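What follows is the residue order along each chain.
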Amino acid sequence: DVLLVESGGGLVKPGGSLRLSCAASGFTFSTLAMSWVRQAPGKGLEWVSSISWSGDFKYYADSVKGRFTISRDNAKNSLYLLMNSLRAEDTAVYYCARSIRGVISYDDYWGQGTLVTVSS
Amino acid sequence: DIQMTQSPSSLSASVGDRVTIACRASQGISNSLAWYQQKPGKVPQVLIYAASTLQSGVPSRFSGSGSGTDFTLTISSLQPEDVGTYYCQRYDTAPPDFGGGTKVEIK
């Protein structure tokens, strides 16, 4: 079975940094694009970033461009999101998701999410 | 960027009712549209992709239609377990933005 498990969330001060990880299993990770989607408390879904299977192509939402970096390690079946210069508005549950039809795609499997809280 | 607008933002219907949710793109996106269901406290799950293709394992009471700019998600007979928020998402080009969501409740 496909399993995506996020980790690395927590409480961080404004301006701080955090690195999220997503461990994937149950499928051939190295052949599929992956994405991060977030959801602020009580709000809707917001696409954050996507990365191609090879890592060569990366896309970011305007709201995080220049502050967040998506990466992957296919040897470790892992996806990452490095978040710098965090702001209060970055507070959200961050989901790792499998993008089944290419780097810009819908997502057919999602992890349980990891909560990031940006507060002083 | 292309804007995705869902309507209504919320609805209340009786068990067995036919429920329709609309999603409009500000520009044509062909059939590059997915629908997700998020039950309270749960992770989103894809219901429909390519505007009208039912994801494996999704009950047949869910259906999708539309192309270009106007899309519809229909629940043919609303069930108690269908309570939650429904989102559309375009994926023709970056950014693959979501609609604002439609909250479905049982009357």
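Residues numbered from 1 in each chain as written. Chains lettered and ligands numbered in written order. Predicted model: local features only at pLDDT ≥ 70, side-chain atom pairs only at ≥ 80, totals over all residues. Heavy atoms only, no water.

*Asks:* Please clarify how the overall build of chain B should be interpreted in this entry.
*Replies:* For chain B, the count of helices and strands is 0 helices and 10 strands. The order of α-helices and β-strands along chain B, N terminus first, is β-β-β-β-β-β-β-β-β-β. Summarising its shape, the C-alpha atoms of chain B cover approximately 35 × 25 × 25 Å along the three principal directions. Taking all 107 residues of chain B together, the buried fraction comes to 48%. If you take every contact in chain B between residues at least 6 apart in sequence, the share linking residues at least 24 apart comes to 57%. Entry remark: accessible area of chain B is about 4700 Å², with carbon and sulfur atoms responsible for 44%. Side-chain charges of chain B comprise 8 positive and 8 negative groups, with the mean position of each set lying 6 Å from the other. (Helix = DSSP H or I, 4+ residues; strand = E, 2+ residues; numbered from the N terminus. Buried < 20%, exposed > 50% of the residue type's maximum accessible area, 1.4 Å probe, protein only. Contact = heavy atoms within 4.5 Å. Areas by Shrake-Rupley, 256 points an atom, 1.4 Å probe, with all protein chains shown as cover. Lys, Arg positive; Asp, Glu negative; His and termini not counted. Charge placed at Lys NZ, Arg CZ, Asp CG, Glu CD.)

*Asks:* Just checking my understanding: could you explain the sheet that holds strand β1 (residues 3–7) of chain A for this structure?
*Replies:* For sheets, the rule is that strands pair by backbone hydrogen bonds, running either parallel or antiparallel. Residues and elements named next belong to chain A. What the 4 strands build is an open sheet, ordered β1-β3-β8-β7; its pairing is antiparallel. Strand pairing shows two members of the sheet lacking a second neighbour, β1 and β7 (68–73), which therefore form its edges. Neighbour-to-neighbour, the strand axes of the sheet open up by a mean angle of 15°, direction not taken into account. In the sheet, β7 pairs with strand β8 (residues 78–83) via 6 bridges, with the strands oriented antiparallel. (Pairing = 2+ DSSP bridges. Axes fitted to C-alpha atoms, helices over the stretch in contact; angles between N-to-C directions.)

*Asks:* Where do I start with the interface of chain B and chain A in this structure?
*Replies:* By a widespread convention, an interface's size corresponds to the accessible area lost as its parts come together. Contacts between the two partners involve 18 residues from chain B and, on the opposite side, 19 residues from chain A. Roughly 1500 Å² of surface becomes buried between chain B and chain A when both sides are summed, with 67% attributable to carbon and sulfur atoms. Taken together, the links from chain B to chain A amount to 0 salt bridges. There are 3 residue pairs in polar contact (both at pLDDT 80 or more) connecting chain B and chain A. Per-element tally for the side of chain B that touches chain A: the top contributor is strand β4 (residues 33–38) of chain B, with 3 residues. Looking at the side of chain B that touches chain A residue by residue, the class counts come to 12 nonpolar, 4 polar and 2 charged. (Buried area = accessible area lost by both parts, 1.4 Å probe. Salt bridge = Lys/Arg side-chain N within 4 Å of Asp/Glu carboxyl O. Polar contact = N/O pair within 3.5 Å; in protein donor to acceptor, adjacent residues only side chain to side chain. Nonpolar A, V, L, I, M, F, W, Y, C, P; charged D, E, K, R; others polar.)

*Asks:* Looking at this model, I keep getting lost on the environment of A:Y60. Mind explaining?
*Replies:* Residue and element names in this part refer to chain A. Here Y60 lies in strand β6 (residues 58–60). Through-space distance from the C-alpha of Y60 to that of W47 is 8.3 Å; in sequence the pair is 13 residues apart. Apart from the residues lying within four places of it in its own chain, the contact partners of Y60 are W47, V48, S49, K65, F68, T69 and I70.

*Asks:* What exactly am I supposed to notice about the sheet that holds strand β7 (residues 62–67) of chain B here?
*Replies:* Residue and element names in this part refer to chain B. Pairing is antiparallel across the open sheet formed by 4 strands, whose spatial order is β1-β3-β8-β7. The open sheet is flanked by β1 (4–7) and β7, the only strands paired with a single partner. Between one strand and the next, the sheet's axes are offset by a mean angle of 15°, whatever the strand orientation. Of the strand pairs in this sheet, β1 and strand β3 (residues 19–25) are connected by 4 bridges, and their pairing is antiparallel. Across the sheet, the residue bridging to S7 is A22, located in β3.

*Asks:* Explain the pattern of salt bridges to me, please; I cannot follow it from the model alone.
*Replies:* It is possible for side chains of opposite charge to pair when their charged atoms get near one another. Taken as a whole and assessed by the stated rule, the structure comprises 10 salt bridges over all chains. For the salt bridge of A:R38 with A:E46, the shortest nitrogen-to-oxygen distance reads 2.7 Å. Overall, A:R38 belongs to the buried group, its relative accessible area being 4%. The salt bridge partner of B:D82 is B:R61, with a shortest N-O separation of 2.7 Å. With a gap of 21 residues between them, B:D82 in the loop between β8 (70–75) and β9 (84–90) and B:R61 in the loop between β6 (53–54) and β7 connect regions that are remote in the sequence. Residues participating in the shared-partner salt-bridge network are A:R38, A:E46, A:R67 and A:D90.

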